[in-house]
Every structure is written in structure tokens, then in C-alpha cells.
Amino acid sequence: MVTLDFLSQGPSPAGLTSLAPGDFLFSAKTYSASSFDVTRSFVTIKGYQQHYNETYPVYVSYQVVVKGLFRDDVKGGLLLSGYFPKSGTWYSYDFWVTPVNGAYLKITNTSSESGANGAGNIFEDRW
């Protein structure tokens, strides 16, 4: 079962606008609850990802996509490997995207059938 519970994660860092903030729990693949527009050529993703009760790394794919009937149109993304615990140091990475309206953040756990959890935000520089 895939559950999305997007919650506010506080204010955006200076100069950045939050596109899709929230908490997520995923066992396979899930999407942000709402769409967003990307007007620049890169976004920043910040958050945590961890296996439920273990300290070993998980492999999670983060993609900005336009949902399609048979497949998604990927506008950019990254595969992130690591253990970034909720109570520790969170990740922060930039990746290139094609500007697009009506995008979703697609989150895919590629490392385990037992699942992983995390939370985060995707930001765009609005300067």
C-alpha cells in the first residue's frame, strides 16, 4: 500500500519556493498529491530517506514527470542512494529539469520490496 500524507515542512530556504512539500511512505512508486509548475532549468530536493528500522542505504528515484496514460514523460530526476535518517543529516541535491506546467514528483523505491520512508520538499530558485 502506498500512502501520501503531505504536510508543511516549515518555511522555504531564502530565495526558494516550495513546489511539493511533505511526508511520504512508499513501498514501490508514488506521486506528489498535487501538481506544480517548473519555470527554471533546475530544482532542489531536500529531505530524508531511510529503511523502516534499519541503518543500511536505500535507493530511491526522484523524478519530475508529466503523468501519461501509459507512461510518464520524465522531465528530470536523480537516483539517490544512502541512509539519511529523519533524526540526522538530511540530503540536499539539485538536478536539471525541463520547464513544464502540471508536473508531479514521482518517487520510486528501487531498493527493497519491504519499503522505505521519508519526507522532503522540492524547491525552485525564483530569483
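Residues numbered from 1 in each chain as written. Predicted model: local features only at pLDDT ≥ 70, side-chain atom pairs only at ≥ 80, totals over all residues. Heavy atoms only, no water.

Engineer: Please explain the confidence of the model for the protein chain as it appears in this structure.
Structural biologist: Note: predicted coordinates in regions of low pLDDT should not be interpreted at a detailed level. Averaged over all residues, the pLDDT of the protein chain is 76; the fraction at 70 or higher stands at 73%. Mean pLDDT values over the elements of the protein chain span from 30, in strand E1 (residues 3–5), up to 94, in strand E8 (residues 73–82). Low pLDDT, under 50, characterises residues 1–18; the stretch is placed with 50 contacts to residues that sit more than four places away or in other chains. (pLDDT = per-residue confidence, 0-100. Helix = DSSP H or I, 4+ residues; strand = E, 2+ residues; numbered from the N terminus. Contact = heavy atoms within 4.5 Å.)

Engineer: I would appreciate a short explanation of the pattern of salt bridges in the present structure.
Structural biologist: If the charged atoms of two oppositely charged side chains come close together, the side chains can form a pair. One pass over the full model with this rule turns up 2 salt bridges. Note that Asp 72 is salt-bridged to Lys 106, the shortest N-O span being 3.1 Å. With Asp 72 in the loop between strand E7 (58–66) and E8 and Lys 106 in strand E10 (residues 100–109), the pair connects residues that are 34 residues apart, well separated along the chain. Taken individually, Asp 72 and Lys 106 each receive the classification buried, so the pair is uniform in this respect. Between Lys 75 and Asp 73 there is a salt bridge whose closest N-O contact spans 2.9 Å. For Asp 73, a relative accessible area of 39% puts it in the partly exposed group. (Salt bridge = Lys/Arg side-chain N within 4 Å of Asp/Glu carboxyl O. Buried < 20%, exposed > 50% of the residue type's maximum accessible area, 1.4 Å probe, protein only.)

Engineer: Hey, could you run me through the pairing of E8 in this one?
Structural biologist: Looking along a regular strand, one sees the side chains alternate between the two faces of the sheet. Where E7 and E8 come together, 9 bridges link them in antiparallel fashion. Counted as the bridge partner of Val 58 is Gly 82 from E8. Between E7 and E8, which pair antiparallel one after the other, the connecting turn spans 6 residues. (Pairing = 2+ DSSP bridges.)

Engineer: Please clarify how the packing of aromatic side chains should be interpreted in this entry.
Structural biologist: Any two aromatic rings considered together are summarised by their centre-to-centre distance and by the angle between their planes. Within the structure shown, the criterion is met by 5 aromatic pairs. Ring geometry for Tyr 62 against Tyr 91: centres 5.8 Å apart, planes inclined by 45 degrees, an arrangement best described as tilted. Placement of the pair is Tyr 62 in strand E7 and Tyr 91 in strand E9 (residues 91–96), with a sequence separation of 29 residues. Tyr 91 shares its class with Tyr 62; the two are buried. Grouped by ring-pair contacts, the aromatic residues Tyr 62, Phe 84, Tyr 91 and Tyr 93 constitute a single cluster. Between Lys 67 and the ring centre of Tyr 31, over which it is positioned, the NZ or CZ distance is 4.6 Å. Across the ring face of Tyr 104, the terminal group of Lys 67 is positioned such that the distance to the ring centre comes to 4.3 Å. (Phe/Tyr/Trp six-rings, centres within 6.5 Å; stacked < 30°, edge-to-face > 60°. Lys NZ or Arg CZ within 6 Å of the ring centre and 35° of its normal.)

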